[in-house]
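Spelled out, the chains give:
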There are 2 protein chains.
Amino acid sequence: VKDLIEQAKRGRRRAIARLITLVENDEKAAQIAITELYRNTGKAHIIGITGPPGSGKSTLVNEIAKEIRRRKRKVGIVAVDPSSPFSGGALLGDRVRMRDLAGDDGIFIRSMASRGSLGGLARTTNDIVKIFDAAGFESVLIETVGAGQAEVDIASTAHTTLVVETPGMGDEIQTIKAGILEVADILVLNKADRPGAEKTLRALRAMLHMDGRSGRRFTEMRHHGDLMAVEIPEGEQTDRSDDWEVPIFETIAIEGKGIKAVADCIEDHEAYLRSGDEWKERELARSRQEIDQLLQARFMEQLATEISRSVRNKVVLAVAERRLDPYSAVDELFKRADN
Amino acid sequence: VKDLIEQAKRGRRRAIARLITLVENDEKAAQIAITELYRNTGKAHIIGITGPPGSGKSTLVNEIAKEIRRRKRKVGIVAVDPSSPFSGGALLGDRVRMRDLAGDDGIFIRSMASRGSLGGLARTTNDIVKIFDAAGFESVLIETVGAGQAEVDIASTAHTTLVVETPGMGDEIQTIKAGILEVADILVLNKADRPGAEKTLRALRAMLHMDGRSGRRFTEMRHHGDLMAVEIPEGEQTDRSDDWEVPIFETIAIEGKGIKAVADCIEDHEAYLRSGDEWKERELARSRQEIDQLLQARFMEQLATEISRSVRNKVVLAVAERRLDPYSAVDELFKRADN
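Residues numbered from 1 in each chain as written. Chains lettered and ligands numbered in written order. Predicted model: local features only at pLDDT ≥ 70, side-chain atom pairs only at ≥ 80, totals over all residues. Heavy atoms only, no water.

> Can you walk me through the overall build of chain A in this structure?
Helix and strand counts for chain A stand at 14 helices and 7 strands. Scored against the burial criterion, the 339 residues of chain A give a buried share of 60%. Contacts spanning at least 24 positions in sequence make up 79% of the contacts within chain A whose residues lie at least 6 apart. (Helix = DSSP H or I, 4+ residues; strand = E, 2+ residues; numbered from the N terminus. Buried < 20%, exposed > 50% of the residue type's maximum accessible area, 1.4 Å probe, protein only. Contact = heavy atoms within 4.5 Å.)

Below you can see the structure in the form of structure tokens.
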């Protein structure tokens with residue numbers, strides 16, 4: 001593994017690919033690798049791109065990657081597609097279109113179908129981002145379907161989050177996107193040549209306005225609920241009534257239109273983050289979220305080791321048959337784990 | 001609380017409402033209440049209804065509830081709307097339309113905006129379902145937006161899961177819905193008078209066919225990944241090449257059209273489940289999932305008690321600044337929690 005990491009750090013594609021495979025398939029090996037290369041991370045600009053299926057998100061990511069590449073930065077792409085937790089990787093066949101990016105050593109693409117849980121996906125995504133980072137990719141794009149909260153979380157661990165919309169969502173947009181819009185640093189209306197673009201644009205502007213949003217990101221709110229054992233210390237919370245106004249861009253990704261402006265804005269946002277405390281804060285938020293995820297996974301593993309499967313199944317059966325209530329069941333399992 | 005539970009069991013609306021409020025706002029009280037009433041649960045038929053925003057899902061739920069009610073069963077409704085984790089309950093204003101259900105003691109509706117995390121929502125939803133169940137509601141409908149995996153999970157803990165689609169999703173449907181379709185016991189094409197209905201219907205049929213699905217539900221796959229410490233023991237896994245063919249219904253919920261057929265089918269599915277091992281299996285799956293969720297929540301609470309906030313923040317900071325890698329951080333927090 002050490003040798004692999006050394007080679008990956010020097011940007012060797014085969015080593016990077018092998019490390020990623022390792023991280024996807026072998027949790028123990030992943031742990032060793034990440035522990036080893038972690039100190040080389042922290043340089044890359046991590047960009048999350050999220051939007052509904054059919055929004056042309058992948059094409060957009062493609063084009064943005066090419067544009068960033070023209071600006072002499074190396075680009076890593078992690079495409080997360082959890083839309084089919086059951087049928088696996090079949091949907092990713094269209095990644096073939098990524099062919100026009102191949103042959104360039106400065107771009108590396110990794111698609112991930114769901115490997116079951118979004119928790120698992122989040123870990124794997126985090127790890128792959130680190131591999132890219134340590135291997136010297138200056139920009140890392142994370143593409144997610146962004147339909148539910150969990151996917152939004154994956155994207156919102158990025159430094160810069162793009163939310164992609166399309167025209168023609170009409171009035172429904174108001175119910176659909178409230179939550180997702182609020183993680184956006186940059187809004188992109190793709191397929192902007194379609195009918196209804198003007199209307200959707202107005203709706204998006206109205207929503208941003210309604211929220212009183214001019215770029216405020218509620219980092220503390222992104223750590224929501226049960227998952228958060230570790231809170232942001234009060235002293236470290238900044239007043240986020242800061243200066244970033246969330247802009248809206250129109251693009252026609254399939255024709256490469258509007259991409260340059262988006263790439264410019266991504267650069268602007270990076271500069272904005274790095275000029276103040278925001279960069280550090282987002283790093284804190286990312287670390288906090290990752291640690292919580294790992295803690296939970298670790299705890300469930302430990303439980304599985306300490307309490308035999310037959311005992312666990314007996315408890316589940318007792319709950320299903322109403323001989324035991326779920327809270328008392330958890331008490332019992334906890335007690336057993338302590339002995 | 002005991003008195004409240006006694007009254008709720010006798011179906012007193014005010015007691016039910018107060019119990020629900022308790023469960024939503026006070027985790028400790030929830031635990032006591034649920035422990036107390038759990039043995040009275042297990043009778044209700046739990047029906048999950050999930051679909052994208054704008055699919056007319058709420059109207060459909062409304063109409064189905066009225067139809068079930070006509071069949072002399074009491075109906076409880078839990079409407080989960082996590083689409084806006086930030087702006088809270090505002091979107092639920094349209095629940096006013098539920099007014100025509102009011103005044104009937106046999107129907108009880110509870111809307112929940114997001115209270116932060118989907119984990120929290122899942123717990124609260126589970127608890128409210130139990131309250132309805134213990135209070136003698138024979139049918140409990142859980143309505144979720146069903147955009148992401150987590151929401152799908154909430155719905156798929158039901159005995160019977162309806163997935164709602166609308167016409168006009170065109171070819172995109174193939175990428176969108178693969179995962180969600182696979183939790184469906186019953187498919188409903190709502191707004192079936194809209195253009196493109198025939199095409200969408202064909203697409204849905206093709207997908208079901210493509211999957212080789214004739215009603216198979218992969219219970220074991222629904223317990224995916226990290227969350228599952230407790231697995232289905234091999235002996236208990238049944239071969240799910242069983243007899244339930246997933247049917248597709250066309251409805252125009254806003255005009256009440258097609259609802260009876262759906263209600264009939266819901267009854268059929270219940271009968272089907274109760275006639276074999278499926279009912280018991282779904283109860284096992286529900287219990288398993290709930291126990292896992294509670295275990296994780298409990299663990300994070302315990303961690304928060306045992307390790308001071310300042311220690312946790314120091315660890316997070318060290319990780320953010322690359323002085324410590326996340327895996328070692330988790331090791332350290334774990335060690336501290338053990339002492």
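> I keep staring at the environment of R336 of chain B and nothing clicks. Help me out?
Residue and element names in this part refer to chain B. Within the element layout of this structure, R336 appears in helix 14 (residues 326-338). Relative accessible area serves as the criterion here: at 42%, R336 is assigned to the partly exposed category. Placed 29 residues apart in sequence, R336 and I307 show a C-alpha to C-alpha distance of 7.0 Å. Each residue touching R336, except ones within four places of it in the same chain, is listed here: I307 and V311.

> Even after reading the chapter, I still don't get the environment of K57 of chain A, so can you show me in this structure?
Positionally, K57 of chain A belongs in helix 4 (residues 57-70). Contacts of K57 of chain A, omitting those with residues within four sequence positions, involve I49, T50, G51, P52, E143, T144, V145 and V164 of chain A.

> Hey, could you run me through helix 1 (residues 2-9) of chain A in this one?
Each α-helix turn comprises 3.6 residues. Residues three or four places apart therefore point the same way. Residues and elements named next belong to chain A. Among the residues of helix 1, those classed as buried are L4, I5 and A8. Looking straight down helix 1, one finds its buried side chains confined to an arc of 95 degrees; they lie on one side. Every exposed residue of helix 1 that faces more than 90 degrees away from the buried side is listed here: K2 and D3. Tucked inside the fold, the buried residues of helix 1 contact helix 2 (13-25) and helix 3 (27-37). In the stretch just after helix 1, G11 is the one whose phi turns positive, near 85 degrees. (Arc of directions from axis to C-beta.)

> It is not clear to me how unusual backbone geometry should be interpreted in this structure. Could you clarify?
Comment: phi is negative for the bulk of residues other than glycine, and the bulk of peptide bonds are trans. Residues and elements named next belong to chain A. Of note, R322 is a non-glycine position whose phi angle comes to about 65 degrees, a positive value. Among the structural elements, R322 can be located in the loop between helix 13 (309-320) and helix 14 (326-338). In this structure R322 comes out as buried when scored by relative accessible area, which is 16%.

> Explanation requested: the pattern of salt bridges in the structure shown.
Opposite charge on two side chains permits them to pair, given that their charged atoms come into close proximity. Residue and element names in this part refer to chain A. Counted under the stated rule, the structure contains 41 salt bridges over all chains. Its salt-bridge partner being D264, residue R71 comes within 2.8 Å of it at the nearest N-O pair. Here D264 lies in helix 11 (residues 259-275) and R71 lies in the loop between helix 4 and strand 2 (75-81), a separation of 193 residues in the sequence. Classification of R71 by relative accessible area gives partly exposed; the value is 24%. What emerges from the salt-bridge pattern is a single network uniting E67, R70, R71, D264 and E267. (Salt bridge = Lys/Arg side-chain N within 4 Å of Asp/Glu carboxyl O.)

> Is there a simple way to think about the nonpolar core in this case?
Where a protein is soluble and globular, its nonpolar side chains tend to be buried together. Core analysis: the largest hydrophobic core is formed by 102 residues, its most contacted members being I16, F132 and I291 of chain A together with I16, F132, I291 and L295 of chain B. Those residues within four positions of F132 of chain A in sequence are excluded, and the remaining contacts are I16, I20, G76, I77, V78, F108, F137 and V140 of chain A. (Core = buried A, V, L, I, M, F, W, Y, C linked by side-chain atoms within 4.5 Å.)

> Would you mind showing me how to read the pairing of strand 5 (residues 160-165) of chain A here?
It is a general feature of regular strands that their side chains alternate between the two faces of the sheet. All names here are of chain A. Where burial is concerned, most of strand 5 is hidden: 6 out of the 6 residues are buried. The two faces of strand 5 match: T160, L162 and V164 on one face and T161, V163 and E165 on the other face are all buried. Pairing between strand 1 (residues 45-50) and strand 5: 4 bridges, direction parallel. Among the inter-strand pairings, I47 is bridged to a residue of strand 5, identified as T160. Pairing between strand 5 and strand 6 (residues 186-189): 4 bridges, direction parallel. (Pairing = 2+ DSSP bridges.)

> Where do I start with the packing of helix 2 of chain A against helix 3 of chain A in this structure?
Geometry of a packed helix pair, given as the angle between the helix axes and the separation of the axes. Residue and element names in this part refer to chain A. Close contact between helix 2 and helix 3 brings their axes to 6 Å; oriented N to C, the two are set at 130 degrees. As the angle between them shows, helix 2 and helix 3 are arranged oblique. Between helix 2 and helix 3 the crossing geometry is left-handed. Contacts between helix 2 and helix 3 involve L19, L22, V23 and N25 on the former and, on the latter, E27, A29, A30, A33, I34 and L37. (Axes fitted to C-alpha atoms, helices over the stretch in contact; angles between N-to-C directions. Parallel < 35°, antiparallel > 145°, perpendicular 65-115°, else oblique. Left-handed = near helix turned anticlockwise from the far one by under 90°.)

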